[in-house]
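Fold and geometry: a report
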Amino acid sequence: MGVTSAFGLWGSKILGVLGVDVSHWAFWQVSANATYFSGIASFSLHGWVWAVMAMVGTFVGLRLRPLFGLTNPKPVDSIC
């Protein structure tokens, strides 16, 4: 979600104050997790590519953490 969600939230609040109807905007929003799971469930290539790239990104991210002075989480840690 992050920064783009914050811009969307404040943008919709400002437009709402200006009189623009933003009540139906949430209907059109699809989260990244929903896209991922529906792609896997429908045996679509994009879902499987997304899953592989997510695992590769996790592996690379864990290897890069020490370069930024961060430790890798241990299996017994409850919070990273």
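Residues numbered from 1 in each chain as written. Predicted model: local features only at pLDDT ≥ 70, side-chain atom pairs only at ≥ 80, totals over all residues. Heavy atoms only, no water.

1. Points about the overall build of the protein chain
The helix and strand inventory of the protein chain stands at four helices and zero strands. Tracing the protein chain from N to C terminus, the helices and strands come up as α-α-α-α. Scored against the burial criterion, the 80 residues of the protein chain give a buried share of 6%. Of the roughly 7000 Å² of accessible surface on the protein chain, a fraction of 73% belongs to carbon and sulfur atoms. (Helix = DSSP H or I, 4+ residues; strand = E, 2+ residues; numbered from the N terminus. Buried < 20%, exposed > 50% of the residue type's maximum accessible area, 1.4 Å probe, protein only. Areas by Shrake-Rupley, 256 points an atom, 1.4 Å probe, with all protein chains shown as cover.)

2. Here we look at the environment of Trp 48
Positionally, Trp 48 belongs in helix 4 (residues 45–64). Residue classification places Trp 48 among the partly exposed positions, given a relative accessible area of 42%.

3. Let's talk about a nonpolar patch on the surface
Together, Leu 45, Val 49, Val 52, Met 53, Val 56, Phe 59, Val 60, Leu 64, Leu 67, Phe 68 and Leu 70 give the surface a local cluster of nonpolar side chains, amounting to about 1100 Å² of exposed area. Within the secondary structure, Met 53 is located in helix 4. Among the residues examined, Met 53 registers a relative accessible area of 52% and is labelled exposed. (Patch = residues over 30% accessible without salt bridge, like charges linked within 9 Å, V, L, I, M, F, W, Y side chains within 5 Å. Salt bridge = Lys/Arg side-chain N within 4 Å of Asp/Glu carboxyl O.)

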